[in-house]
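Next come the chains, spelled out residue by residue.
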Amino acid sequence: MAKPSPWRPNACREAFMRLPSSPMCFVILAMVALLPACASAPLVQGNGLTSYETMKSSDGWFTKTRLSVNKEQVLAAKTIKIVPTAFAPTVAPKLSEQQRALVANAVDRALCVGLSDRFTVVTPDSQADLTVRASITRATETGRVAAGLSAATSLGMSLVDTAVPIPTPRIPIGMGSLSLEAEAVDVAGQQQASILWARGANAFFSSARISKVSDAYDLADSFGEDFGELLVKGESPFDSSGIGLPAWHKIKSSVGLRPKNAACEQFGRYRGLKGMIGDQLALPPEWTDNGAQKTAQTARP
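No experiment lies behind these values; they were computed from the predicted model shown.

Attention now moves to the overall build of the chain. Summing up its helical and strand segments, the chain has nine helices and seven strands in all. Within the span of the chain, comprising 301 residues, buried residues form 46% of the whole. Looking at the chain alone, contacts between residues at least 24 apart form 78% of all its contacts between residues at least 6 apart. Just so you have it, the chain exposes about 16,000 Å², and 59% of that area is on carbon and sulfur atoms.

Counted under the stated rule, the structure contains two aromatic pairs. Taking 5.5 Å as the distance between ring centres and 75 degrees as the angle between the ring planes, the aromatic pair formed by Trp 197 and Phe 223 counts as edge-to-face. Residue Trp 197 is found in strand E7 (residues 191-200), and its partner Phe 223 is found in helix H6 (residues 214-233); the two are separated by 26 residues along the sequence. Three or more aromatic residues joined by ring pairs form one cluster here, namely Trp 197, Phe 223 and Phe 227.

With that out of the way, let us pick up the state of the cysteines. For the structure on display, the rule yields one disulfide. Put simply, Cys 112 and Cys 264 are joined by a disulfide, and their sulfur atoms are 2.1 Å apart. What sets the handedness of the Cys 112 and Cys 264 disulfide is the S-S torsion sign, and at about -90 degrees it is left-handed. Highlighted residues: Cys 112 in helix H4 (residues 97-115) and Cys 264 in the loop between helix H7 (248-254) and helix H8 (272-280), separated in sequence by 152 residues. Each member of the pair, Cys 112 as well as Cys 264, is classed as buried.

The next thing to look at is the side chain of Asp 215. Along the chain, Asp 215 falls in helix H6. A distance of 2.9 Å separates polar atoms of two side chains, one belonging to Asp 215 and the other to Thr 142. Discounting residues that sit within four places of it in the chain, Asp 215 has contacts with Thr 142, Arg 170, Gly 174, Met 175, Gly 176, Ala 201, Ser 206 and Ser 207.

Here the focus is the packing of H4 against H6. Remark: H4 packs on H6, axes separated minimally by 7 Å, with the N-to-C direction vectors making an angle of 30 degrees. If you check the angle between H4 and H6, you find them roughly parallel. Crossing angle aside, the handedness with which H4 passes H6 is right-handed. Across from Leu 102, Val 103, Ala 106, Val 107, Arg 109, Ala 110, Leu 111, Gly 114 and Leu 115 in H4, the residues of H6 making contact are Ala 216, Tyr 217, Ala 220, Asp 221, Phe 223, Gly 224, Glu 225, Phe 227, Gly 228, Leu 231 and Val 232. Here the residues of the contact of H4 with H6 are counted per class, giving 14 nonpolar, three polar and three charged.

By size, the foremost hydrophobic cluster in this structure holds 45 residues, and its most contacted members are Leu 115, Leu 178, Phe 223, Phe 227 and Leu 231. Broken down by secondary-structure element, the contributors of at least two residues to this core are strand E3 (79-87), H4, strand E5 (130-140), strand E6 (177-186), E7 and H6. Counting residues per element, this core draws most heavily on H6, at nine residues. Setting aside its immediate chain neighbours within four residues, Phe 223 contacts Val 107, Ala 134, Leu 180, Ala 182, Ile 195 and Trp 197.

For the rest of this paragraph, the subject is H6. Here H6 is 20 residues long and its end C-alpha atoms lie 30 Å apart, about the 28 Å a rise of 1.5 Å per residue gives. One or two residues past the end of H6 sits Gly 234, with phi positive at roughly 70 degrees.

In this structure the tally under the stated criterion is 10 salt bridges. Here Asp 289 makes a salt bridge to Arg 109, at a shortest N to O gap of 2.9 Å. Here Asp 289, found in the segment after helix H9 (285-288), pairs with Arg 109, found in helix H4; they are 180 residues apart in sequence, far enough to count as distant. Asp 289 sits in the buried class, given a relative accessible area of 7%. By sharing partners, the salt bridges in this structure join Arg 209, Asp 218, Arg 271 and Asp 279 into a single network.

With that out of the way, let us pick up the environment of Thr 90. With respect to the helices and strands, the residue Thr 90 is situated in the loop between E3 and H4. For the pair Thr 90 and Arg 138, spaced 48 residues apart in the sequence, the C-alpha separation amounts to 9.2 Å.

Next up on the list: the sheet that holds strand E4 (residues 120-122). Across the sheet, seven strands lie side by side as E1-E2-E7-E6-E5-E3-E4; this open sheet has mixed pairing. The two strands at the open ends of the sheet, each matched to only one other strand, are strand E1 (56-57) and E4. Alignment of strand E2 (residues 63-69) against E7, held across seven bridges, turns out to be antiparallel. Counted as the bridge partner of Lys 64 is Ala 198 from E7. Its contacts with the sheet place H4 against E3, E4, E5 and E6, and it is angled at close to 165 degrees to E3.

Here is what the cut-offs are and how they apply
- Residues numbered from 1 in each chain as written.
- Predicted model: local features only at pLDDT ≥ 70, side-chain atom pairs only at ≥ 80, totals over all residues.
- Heavy atoms only, no water.
- Helix = DSSP H or I, 4+ residues; strand = E, 2+ residues; numbered from the N terminus.
- Buried < 20%, exposed > 50% of the residue type's maximum accessible area, 1.4 Å probe, protein only.
- Contact = heavy atoms within 4.5 Å.
- Areas by Shrake-Rupley, 256 points an atom, 1.4 Å probe, with all protein chains shown as cover.
- Phe/Tyr/Trp six-rings, centres within 6.5 Å; stacked < 30°, edge-to-face > 60°.
- Disulfide = S-S within 2.5 Å.
- Polar contact = N/O pair within 3.5 Å; in protein donor to acceptor, adjacent residues only side chain to side chain.
- Axes fitted to C-alpha atoms, helices over the stretch in contact; angles between N-to-C directions.
- Parallel < 35°, antiparallel > 145°, perpendicular 65-115°, else oblique.
- Left-handed = near helix turned anticlockwise from the far one by under 90°.
- Nonpolar A, V, L, I, M, F, W, Y, C, P; charged D, E, K, R; others polar.
- Core = buried A, V, L, I, M, F, W, Y, C linked by side-chain atoms within 4.5 Å.
- Expected span 1.5 Å × (residues − 1).
- Salt bridge = Lys/Arg side-chain N within 4 Å of Asp/Glu carboxyl O.
- Pairing = 2+ DSSP bridges.

Printed below as a string of C-alpha coordinates:
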(Lines give C-alpha, C1' and ligand atoms only; values in the text may rest on other atoms or scores of the structure.)
Protein backbone atom coordinates (compact mmCIF):
# COMPACT_ATOMS: atom_id res chain seq x y z
CA MET A 1 0.00 0.00 0.00
CA ALA A 2 1.32 3.41 -0.93
CA LYS A 3 2.59 5.52 1.94
CA PRO A 4 0.61 8.75 2.41
CA SER A 5 2.44 11.94 1.53
CA PRO A 6 3.61 13.94 4.54
CA TRP A 7 2.17 17.40 5.19
CA ARG A 8 4.37 20.13 3.78
CA PRO A 9 4.26 23.46 5.63
CA ASN A 10 4.71 25.33 2.35
CA ALA A 11 2.01 23.41 0.46
CA CYS A 12 -0.40 26.35 0.32
CA ARG A 13 2.26 28.70 -0.95
CA GLU A 14 3.41 26.14 -3.52
CA ALA A 15 -0.18 25.62 -4.68
CA PHE A 16 -0.68 29.34 -5.12
CA MET A 17 2.55 29.65 -7.10
CA ARG A 18 1.27 27.01 -9.54
CA LEU A 19 -1.92 28.96 -10.29
CA PRO A 20 -2.30 30.44 -13.77
CA SER A 21 -0.41 33.72 -13.96
CA SER A 22 -2.43 35.34 -16.75
CA PRO A 23 -3.54 38.97 -16.37
CA MET A 24 -7.19 37.85 -16.27
CA CYS A 25 -6.48 35.68 -13.23
CA PHE A 26 -5.01 38.62 -11.32
CA VAL A 27 -7.91 40.85 -12.37
CA ILE A 28 -10.41 38.34 -11.02
CA LEU A 29 -8.56 37.96 -7.72
CA ALA A 30 -8.33 41.73 -7.31
CA MET A 31 -12.06 42.14 -7.96
CA VAL A 32 -12.90 39.49 -5.40
CA ALA A 33 -10.68 41.17 -2.81
CA LEU A 34 -11.95 44.70 -3.33
CA LEU A 35 -15.70 44.31 -3.88
CA PRO A 36 -18.39 43.41 -1.33
CA ALA A 37 -18.94 39.67 -0.94
CA CYS A 38 -22.72 39.96 -0.59
CA ALA A 39 -25.37 41.71 -2.65
CA SER A 40 -27.31 44.45 -0.87
CA ALA A 41 -30.75 43.31 0.25
CA PRO A 42 -32.96 45.85 2.05
CA LEU A 43 -36.12 44.90 3.92
CA VAL A 44 -39.02 46.07 1.75
CA GLN A 45 -42.43 46.39 3.36
CA GLY A 46 -45.44 46.02 1.11
CA ASN A 47 -49.08 46.37 2.05
CA GLY A 48 -50.24 42.78 1.96
CA LEU A 49 -50.01 41.79 5.65
CA THR A 50 -52.72 42.14 8.27
CA SER A 51 -50.36 43.97 10.63
CA TYR A 52 -46.75 45.14 10.83
CA GLU A 53 -46.88 46.57 14.34
CA THR A 54 -45.45 43.77 16.50
CA MET A 55 -42.46 42.85 14.35
CA LYS A 56 -38.98 42.89 15.90
CA SER A 57 -35.54 42.59 14.35
CA SER A 58 -34.06 39.08 14.30
CA ASP A 59 -31.19 38.94 11.82
CA GLY A 60 -29.11 35.95 10.78
CA TRP A 61 -25.53 35.92 9.48
CA PHE A 62 -26.56 36.82 5.94
CA THR A 63 -30.26 37.51 6.38
CA LYS A 64 -32.16 40.58 7.53
CA THR A 65 -35.53 39.97 9.16
CA ARG A 66 -38.23 41.54 11.24
CA LEU A 67 -40.75 39.07 12.59
CA SER A 68 -43.44 38.31 15.12
CA VAL A 69 -44.96 35.04 16.32
CA ASN A 70 -47.60 34.01 18.84
CA LYS A 71 -45.82 30.82 19.88
CA GLU A 72 -48.63 29.18 21.85
CA GLN A 73 -51.21 29.63 19.09
CA VAL A 74 -48.82 28.57 16.32
CA LEU A 75 -47.70 25.42 18.14
CA ALA A 76 -51.33 24.49 18.82
CA ALA A 77 -52.09 24.40 15.07
CA LYS A 78 -52.02 21.02 13.34
CA THR A 79 -53.07 21.74 9.76
CA ILE A 80 -51.86 24.45 7.40
CA LYS A 81 -52.40 25.56 3.82
CA ILE A 82 -50.34 27.72 1.48
CA VAL A 83 -51.79 30.42 -0.74
CA PRO A 84 -49.55 30.54 -3.82
CA THR A 85 -46.89 33.23 -3.53
CA ALA A 86 -47.12 36.22 -5.85
CA PHE A 87 -44.94 39.15 -6.89
CA ALA A 88 -46.08 42.53 -5.64
CA PRO A 89 -47.10 44.87 -8.48
CA THR A 90 -44.20 46.54 -10.35
CA VAL A 91 -41.57 44.20 -8.78
CA ALA A 92 -38.87 42.85 -11.16
CA PRO A 93 -40.47 43.92 -14.44
CA LYS A 94 -37.44 42.68 -16.42
CA LEU A 95 -38.05 39.07 -15.42
CA SER A 96 -40.21 37.00 -17.73
CA GLU A 97 -43.50 35.53 -16.56
CA GLN A 98 -41.86 32.09 -16.56
CA GLN A 99 -39.02 33.33 -14.36
CA ARG A 100 -41.35 35.09 -11.93
CA ALA A 101 -43.51 31.97 -11.67
CA LEU A 102 -40.40 29.85 -11.07
CA VAL A 103 -39.26 32.02 -8.14
CA ALA A 104 -42.73 32.22 -6.58
CA ASN A 105 -43.16 28.46 -6.86
CA ALA A 106 -39.73 27.88 -5.31
CA VAL A 107 -40.95 29.79 -2.25
CA ASP A 108 -44.05 27.61 -1.98
CA ARG A 109 -42.21 24.35 -2.55
CA ALA A 110 -39.64 25.08 0.17
CA LEU A 111 -42.37 26.26 2.53
CA CYS A 112 -44.41 23.10 1.97
CA VAL A 113 -41.47 20.77 2.57
CA GLY A 114 -40.35 22.72 5.65
CA LEU A 115 -43.82 22.94 7.18
CA SER A 116 -44.19 19.17 6.77
CA ASP A 117 -41.80 18.75 9.72
CA ARG A 118 -44.77 19.26 12.03
CA PHE A 119 -47.91 20.22 10.12
CA THR A 120 -50.29 18.36 7.89
CA VAL A 121 -50.28 20.50 4.77
CA VAL A 122 -53.61 20.62 2.93
CA THR A 123 -54.64 22.04 -0.43
CA PRO A 124 -55.65 25.72 -0.71
CA ASP A 125 -59.36 24.86 -1.02
CA SER A 126 -59.38 22.91 2.29
CA GLN A 127 -60.01 24.09 5.84
CA ALA A 128 -56.87 24.55 7.95
CA ASP A 129 -55.84 25.87 11.35
CA LEU A 130 -53.41 28.29 9.70
CA THR A 131 -53.20 29.87 6.25
CA VAL A 132 -49.84 31.08 4.93
CA ARG A 133 -49.48 33.76 2.29
CA ALA A 134 -46.31 35.42 1.02
CA SER A 135 -45.50 38.22 -1.40
CA ILE A 136 -42.23 39.07 -3.13
CA THR A 137 -41.56 42.76 -2.56
CA ARG A 138 -38.18 43.10 -4.29
CA ALA A 139 -36.08 40.96 -6.62
CA THR A 140 -32.91 42.09 -8.34
CA GLU A 141 -31.51 40.31 -11.35
CA THR A 142 -28.37 38.21 -11.61
CA GLY A 143 -25.82 39.56 -14.07
CA ARG A 144 -25.49 36.81 -16.64
CA VAL A 145 -22.09 37.90 -17.97
CA ALA A 146 -20.49 38.01 -14.51
CA ALA A 147 -22.17 34.73 -13.56
CA GLY A 148 -20.88 33.09 -16.74
CA LEU A 149 -17.35 34.34 -16.09
CA SER A 150 -17.55 33.09 -12.49
CA ALA A 151 -18.71 29.67 -13.67
CA ALA A 152 -15.90 29.50 -16.24
CA THR A 153 -13.33 30.51 -13.63
CA SER A 154 -14.60 27.90 -11.19
CA LEU A 155 -14.41 25.20 -13.86
CA GLY A 156 -10.92 26.31 -14.82
CA MET A 157 -9.70 26.26 -11.23
CA SER A 158 -11.07 22.75 -10.76
CA LEU A 159 -8.73 21.59 -13.52
CA VAL A 160 -5.62 23.14 -11.96
CA ASP A 161 -3.26 20.58 -10.41
CA THR A 162 -2.71 21.81 -6.84
CA ALA A 163 -1.64 20.15 -3.62
CA VAL A 164 -4.65 21.52 -1.73
CA PRO A 165 -8.25 22.27 -2.78
CA ILE A 166 -8.79 25.89 -3.77
CA PRO A 167 -12.29 27.29 -3.22
CA THR A 168 -13.31 29.64 -6.00
CA PRO A 169 -15.63 32.48 -4.97
CA ARG A 170 -17.91 34.17 -7.45
CA ILE A 171 -16.93 37.45 -8.97
CA PRO A 172 -18.93 39.81 -6.73
CA ILE A 173 -20.57 41.74 -9.55
CA GLY A 174 -24.18 41.44 -10.64
CA MET A 175 -25.29 39.28 -7.72
CA GLY A 176 -29.05 39.22 -7.16
CA SER A 177 -31.17 39.66 -4.04
CA LEU A 178 -34.67 38.91 -2.81
CA SER A 179 -37.05 40.51 -0.30
CA LEU A 180 -40.39 39.11 0.86
CA GLU A 181 -43.14 39.56 3.39
CA ALA A 182 -45.36 36.78 4.69
CA GLU A 183 -47.81 35.90 7.42
CA ALA A 184 -49.81 33.04 8.88
CA VAL A 185 -53.40 33.73 9.92
CA ASP A 186 -55.86 31.55 11.83
CA VAL A 187 -59.41 30.57 10.79
CA ALA A 188 -60.71 33.91 12.11
CA GLY A 189 -58.20 35.84 9.98
CA GLN A 190 -56.09 36.87 12.97
CA GLN A 191 -52.37 37.11 12.33
CA GLN A 192 -50.38 34.57 14.37
CA ALA A 193 -46.97 35.00 12.72
CA SER A 194 -45.40 37.47 10.28
CA ILE A 195 -42.04 38.21 8.73
CA LEU A 196 -40.19 40.72 6.58
CA TRP A 197 -37.19 38.97 5.04
CA ALA A 198 -34.28 40.02 2.81
CA ARG A 199 -31.09 38.37 1.65
CA GLY A 200 -28.53 38.90 -1.09
CA ALA A 201 -26.44 36.37 -2.97
CA ASN A 202 -23.05 35.62 -1.44
CA ALA A 203 -19.81 35.35 -3.38
CA PHE A 204 -18.74 32.29 -1.39
CA PHE A 205 -21.97 30.30 -0.97
CA SER A 206 -24.23 31.19 -3.92
CA SER A 207 -23.99 29.23 -7.16
CA ALA A 208 -23.26 31.17 -10.34
CA ARG A 209 -25.64 30.26 -13.17
CA ILE A 210 -26.26 32.02 -16.45
CA SER A 211 -29.76 33.32 -15.79
CA LYS A 212 -31.24 36.63 -14.68
CA VAL A 213 -33.31 34.76 -12.10
CA SER A 214 -30.58 32.48 -10.72
CA ASP A 215 -29.98 34.18 -7.36
CA ALA A 216 -33.63 35.02 -6.70
CA TYR A 217 -34.46 31.36 -7.34
CA ASP A 218 -31.93 30.12 -4.78
CA LEU A 219 -32.92 32.75 -2.22
CA ALA A 220 -36.60 31.83 -2.58
CA ASP A 221 -35.72 28.40 -1.25
CA SER A 222 -33.85 29.96 1.69
CA PHE A 223 -36.85 32.09 2.59
CA GLY A 224 -39.16 29.07 2.50
CA GLU A 225 -36.87 27.23 4.90
CA ASP A 226 -36.67 30.19 7.32
CA PHE A 227 -40.39 30.98 7.45
CA GLY A 228 -41.22 27.29 7.63
CA GLU A 229 -38.93 26.91 10.66
CA LEU A 230 -40.52 29.94 12.32
CA LEU A 231 -43.92 28.25 12.12
CA VAL A 232 -42.70 24.77 13.01
CA LYS A 233 -40.84 25.89 16.15
CA GLY A 234 -42.79 29.02 17.04
CA GLU A 235 -39.57 31.03 17.37
CA SER A 236 -37.00 32.81 15.22
CA PRO A 237 -35.05 30.44 12.96
CA PHE A 238 -31.91 32.39 13.91
CA ASP A 239 -32.22 31.96 17.68
CA SER A 240 -31.67 28.20 17.86
CA SER A 241 -28.30 26.95 19.09
CA GLY A 242 -26.44 24.22 17.26
CA ILE A 243 -27.14 22.61 13.89
CA GLY A 244 -29.52 19.67 13.71
CA LEU A 245 -29.74 17.02 11.01
CA PRO A 246 -32.55 17.49 8.48
CA ALA A 247 -35.59 15.24 8.73
CA TRP A 248 -35.57 12.18 6.49
CA HIS A 249 -38.54 13.46 4.47
CA LYS A 250 -36.54 16.61 3.62
CA ILE A 251 -33.62 14.57 2.36
CA LYS A 252 -35.94 12.52 0.13
CA SER A 253 -37.68 15.64 -1.17
CA SER A 254 -34.35 17.33 -1.95
CA VAL A 255 -33.43 14.57 -4.41
CA GLY A 256 -36.78 14.75 -6.19
CA LEU A 257 -38.68 11.96 -4.44
CA ARG A 258 -42.29 12.08 -3.26
CA PRO A 259 -42.93 14.73 -0.56
CA LYS A 260 -44.27 13.78 2.87
CA ASN A 261 -47.58 15.60 2.33
CA ALA A 262 -49.44 14.93 -0.91
CA ALA A 263 -50.55 18.58 -1.05
CA CYS A 264 -46.92 19.55 -1.73
CA GLU A 265 -47.13 17.85 -5.12
CA GLN A 266 -48.98 20.90 -6.44
CA PHE A 267 -45.69 22.82 -6.28
CA GLY A 268 -43.74 20.16 -8.16
CA ARG A 269 -40.70 18.33 -6.90
CA TYR A 270 -37.11 19.39 -6.38
CA ARG A 271 -34.86 18.95 -9.40
CA GLY A 272 -32.79 16.10 -7.97
CA LEU A 273 -29.88 14.79 -10.06
CA LYS A 274 -30.91 16.89 -13.06
CA GLY A 275 -30.59 20.02 -10.95
CA MET A 276 -27.23 19.01 -9.50
CA ILE A 277 -25.79 18.44 -12.97
CA GLY A 278 -27.35 21.64 -14.25
CA ASP A 279 -25.84 23.66 -11.40
CA GLN A 280 -22.38 22.22 -12.07
CA LEU A 281 -22.72 23.34 -15.69
CA ALA A 282 -24.13 26.75 -14.67
CA LEU A 283 -27.35 26.07 -16.58
CA PRO A 284 -30.36 28.36 -15.96
CA PRO A 285 -32.81 26.93 -13.40
CA GLU A 286 -35.51 27.43 -16.04
CA TRP A 287 -33.95 24.50 -17.89
CA THR A 288 -33.97 22.05 -14.99
CA ASP A 289 -37.04 22.94 -12.89
CA ASN A 290 -40.42 21.83 -14.21
CA GLY A 291 -42.20 24.27 -11.89
CA ALA A 292 -45.63 23.77 -10.35
CA GLN A 293 -47.83 20.87 -11.32
CA LYS A 294 -51.11 21.85 -12.97
CA THR A 295 -52.99 19.55 -10.64
CA ALA A 296 -51.99 17.11 -7.91
CA GLN A 297 -53.21 14.30 -10.14
CA THR A 298 -50.61 15.08 -12.79
CA ALA A 299 -47.75 14.68 -10.34
CA ARG A 300 -45.18 12.00 -11.05
CA PRO A 301 -45.67 8.60 -9.36
